[in-house]
Amino acid sequence: MDIIREIWASLRQNKFRTCMTGFAVAWGIFIFIVLLAANTGIKNGIMGNFGTRSLNMVNIWAGRTSMPYMGWQANRRLYFTDEEAMLVRNMPEVDKFSRYDEHWGTNMAYGSETTTGTFRGVEPEYREIYGLKVLKGRFINSSDLHGMKKVAVIDERMAEKLFNNRPDVLGQYIKINGLLFQVVGVVSKGSAWEGATVYAPFPISMAIFRSDLRFSDMAFTLKGLDTKEANEAFEEQLRARLGQVMQFDRNDRRAVGVWNTLESYMETQTIMRALTVFILLIGISTLMSGAVGVSNIMLVSVKERTREIGIRKAIGASPRNIILNIIGEALIITLVFGYIGMMAGIGLVELINNSMNIGNEQGASIFKDPTVELPYVFLATVILVIAGVVSGYMPARKAVKIKPIEAMMADK
């Protein structure tokens with residue numbers, strides 16, 4: 001208790017020095033927390049733009065040729081058939097796979113409620129590819145495909161438009177292009193840019209809209225590709241195989257469009273890793289600056305108190321008592337002001353998190369949920385505490401070795 005009283009008295013006696021040391025500690029931790037939170041916010045914003053879809057998804061669509069090929073003229077309209085679907089599905093790099101057939105602005109009705117939306121014929125694995133969450137009932141299954149069942153799965157937007165979010169939508173019948181479909185499930189919204197959507201078995205969509213059994217879109221996920229080079233090689237192989245079957249030049253990028261989110265994800269991850277390293281370097285530099293500031297101030301403090309140390313030794317204070325006193329000061333300053341800096345940083349992050357809304361459901365987000373993991377915060381505090389203790393111990397240990405008479409003559 002005597003040591004604690006001595007430490008408290010010393011801190012009160014040297015208020016300016018205490019505040020300067022504390023500010024260095026609090027500022028270092030505050031900036032470190034804000035930088036980490038900013039890094040997380042940027043990362044969440046960028047990753048949020050990928051939506052709920054799989055990060056290793058590829059979407060391909062048949063377009064028009066832009067180059068002549070083996071007697072065929074340019075500007076030829078292409079379509080997929082079951083042959084191309086089987087070719088893609090059987091590629092070893094393809095994991096989940098779904099053909100799909102979509103029609104925008106389709107008329108839909110339930111009772112007196114009418115609206116327009118997207119009608120999309122899909123296969124069961126479409127849900128996993130696009131990350132749709134089943135909220136009620138189920139999604140399209142293989143039995144629906146083989147049995148040519150006129151069943152429908154609606155998303156939240158369609159449930160709100162046709163049913164006003166009533167709870168008993170399962171089993172109800174909606175009319176689509178004059179045909180009745182039984183609702184068997186409700187799923188989460190798709191991409192932000194999509195409107196209200198109804199999903200139905202792919203064969204039913206083909207029977208209603210595609211009498212020639214040709215379609216334009218396929219989606220699938222990839223496996224075993226973990227480098228940009230491997231991903232590019234797969235895409236070239238895909239174009240070459242489709243070009244051979246569909247009779248177009250493999251270098252004709254307009255013949256078959258490819259949207260490869262795995263490539264975008266890899267590029268994004270590279271950028272995010274570089275950004276994280278950069279921000280960590282700045283944060284660590286800030287912490288080190290705070291640690292150096294604490295060390296310098298403690299060094300000056302001990303030097304200024306050399307005469308005091310000599311007097312205390314002359315009246316019987318032990319070296320251990322003197323060292324504990326100085327270390328205690330450093331420990332209390334770093335802990336108290338470290339906590340203040342930590343609370344200020346977390347408070348600012350929470351304020352930004354609750355009030356800042358860059359991007360929304362209809363647009364891209366560049367900053368989202370800026371948070372910081374507590375272990376990093378505690379680690380930063382521990383680093384500064386250790387720096388304060390060490391910076392107080394080293395000069396104190398040197399000072400107590402001086403003879404009392406020499407210490408008392410230090411300022412003369």
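See above for the structure.
Residues numbered from 1 in each chain as written. Predicted model: local features only at pLDDT ≥ 70, side-chain atom pairs only at ≥ 80, totals over all residues. Heavy atoms only, no water.

**A closer look at the overall build of the protein**
- When its secondary structure is counted, the protein shows 13 helices and 10 strands.
- Contacts spanning at least 24 positions in sequence make up 77% of the contacts within the protein whose residues lie at least 6 apart.
- If you sum the accessible surface of the protein, you get close to 21100 Å²; carbon and sulfur atoms cover 59% of it. (Helix = DSSP H or I, 4+ residues; strand = E, 2+ residues; numbered from the N terminus. Contact = heavy atoms within 4.5 Å. Areas by Shrake-Rupley, 256 points an atom, 1.4 Å probe, with all protein chains shown as cover.)

**Comments concerning the pattern of salt bridges**
- Scanning the entire structure with this criterion turns up 12 salt bridges.
- E102 is the partner of R120 in a salt bridge, and the nearest nitrogen-oxygen pair spans 2.6 Å. Pair noted here: R120 is in strand β3 (residues 113-122) and E102 is in strand β2 (residues 94-110), with a separation of 18 residues, a long-range link.
- Three or more residues joined by partner-sharing salt bridges are found here, namely D82, R89, R99 and E123. (Salt bridge = Lys/Arg side-chain N within 4 Å of Asp/Glu carboxyl O.)

**What about the side chain of T197?**
- Note that T197 resides in strand β8 (residues 197-201).
- Of the residues examined, T197 reaches a relative accessible area of 1% and is grouped as buried.
- Engagement of the side chain of T197 in a polar contact is seen with the backbone oxygen of G195, the distance being 3.0 Å.
- In this structure, T197 is in contact with T118, R120, V153, I154, D155 and M158, ignoring residues within four places of it in sequence. (Buried < 20%, exposed > 50% of the residue type's maximum accessible area, 1.4 Å probe, protein only. Polar contact = N/O pair within 3.5 Å; in protein donor to acceptor, adjacent residues only side chain to side chain.)

**Considering the environment of Y69**
- Turning to its location among the elements, Y69 is positioned in the loop between β1 (57-62) and α3 (82-89).
- Its relative accessible area of 22% is what places Y69 among the partly exposed residues.
- Sequence separation between Y69 and D252 is 183 residues; the distance between their C-alpha atoms is 9.6 Å.
- Ignoring anything within four residues of it in the chain, the contact list for Y69 reads Q247, F248 and D249.

**Digging into the packing of aromatic side chains**
- Applying the stated criterion to the full structure yields 13 aromatic pairs.
- Between F23 and W27 the ring centres are 6.0 Å apart and the planes differ by 15 degrees, which places this aromatic pair in the stacked class. Of this pair, F23 and W27 both sit in helix α2 (residues 15-48), four residues apart, which is roughly one turn of that helix.
- Its relative accessible area of 53% is what places F23 among the exposed residues.
- Note on Y126 and Y199: the rings are 5.8 Å apart at their centroids and 50 degrees apart in plane angle, and the pair reads as tilted. In this pair, Y126 sits in helix α4 (residues 126-130) while Y199 sits in strand β8, placing the two residues 73 residues apart along the sequence. (Phe/Tyr/Trp six-rings, centres within 6.5 Å; stacked < 30°, edge-to-face > 60°.)

**Some details on unusual backbone geometry**
- Look at N177: it is not a glycine, yet its phi comes out positive at around 50 degrees.
- Turning to its location among the elements, N177 is positioned in the loop between β6 (173-176) and β7 (179-187).
- Take N177: its relative accessible area is 43%, and that puts it in the partly exposed class.

**Points about the environment of M158**
- One can find M158 in helix α6 (residues 156-163).
- Residues in contact with M158, not counting those within four places in the same chain, are M108, T115, G117, F163, A196, T197 and V198.

**A closer look at the nonpolar core**
- Ranked by internal contacts, the top residues of the largest apolar core, which has 28 residues, are I60, V88, F220 and L242.
- Elements represented by at least two residues in this core include exactly β1, α3, β2, α7 (202-209), β9 (217-222), α8 (228-246), β10 (256-260) and α9 (261-304).
- Examining the composition of this core, we find that four residues originate from one element, α8, more than from any other.
- With residues up to four places along the chain from it excluded, the contact list for F220 reads N56, M57, V58, I60, V88, V94, K96, F97, I129, F234 and L238.
- Listed in part, the 19 residues of the second largest apolar core include M158, L162, F163 and V169. (Core = buried A, V, L, I, M, F, W, Y, C linked by side-chain atoms within 4.5 Å.)

**Examining the packing of α3 against α8**
- Here α3 crosses α8 at 155 degrees, and the two axes come no closer than 11 Å. When the axes of α3 and α8 are compared, the pair comes out roughly antiparallel. Regarding α3 and α8, the two cross each other, and that crossing is right-handed. Contacts from E83, E84, L87 and V88 of α3 reach α8 at L238, R241, L242, V245 and M246.
- When the residues that make up the contact of α3 with α8 are grouped by side-chain class, the tally is six nonpolar, no polar and three charged. (Axes fitted to C-alpha atoms, helices over the stretch in contact; angles between N-to-C directions. Parallel < 35°, antiparallel > 145°, perpendicular 65-115°, else oblique. Left-handed = near helix turned anticlockwise from the far one by under 90°. Nonpolar A, V, L, I, M, F, W, Y, C, P; charged D, E, K, R; others polar.)

From the geometry alone we can't say anything about function, so treat these as descriptive.
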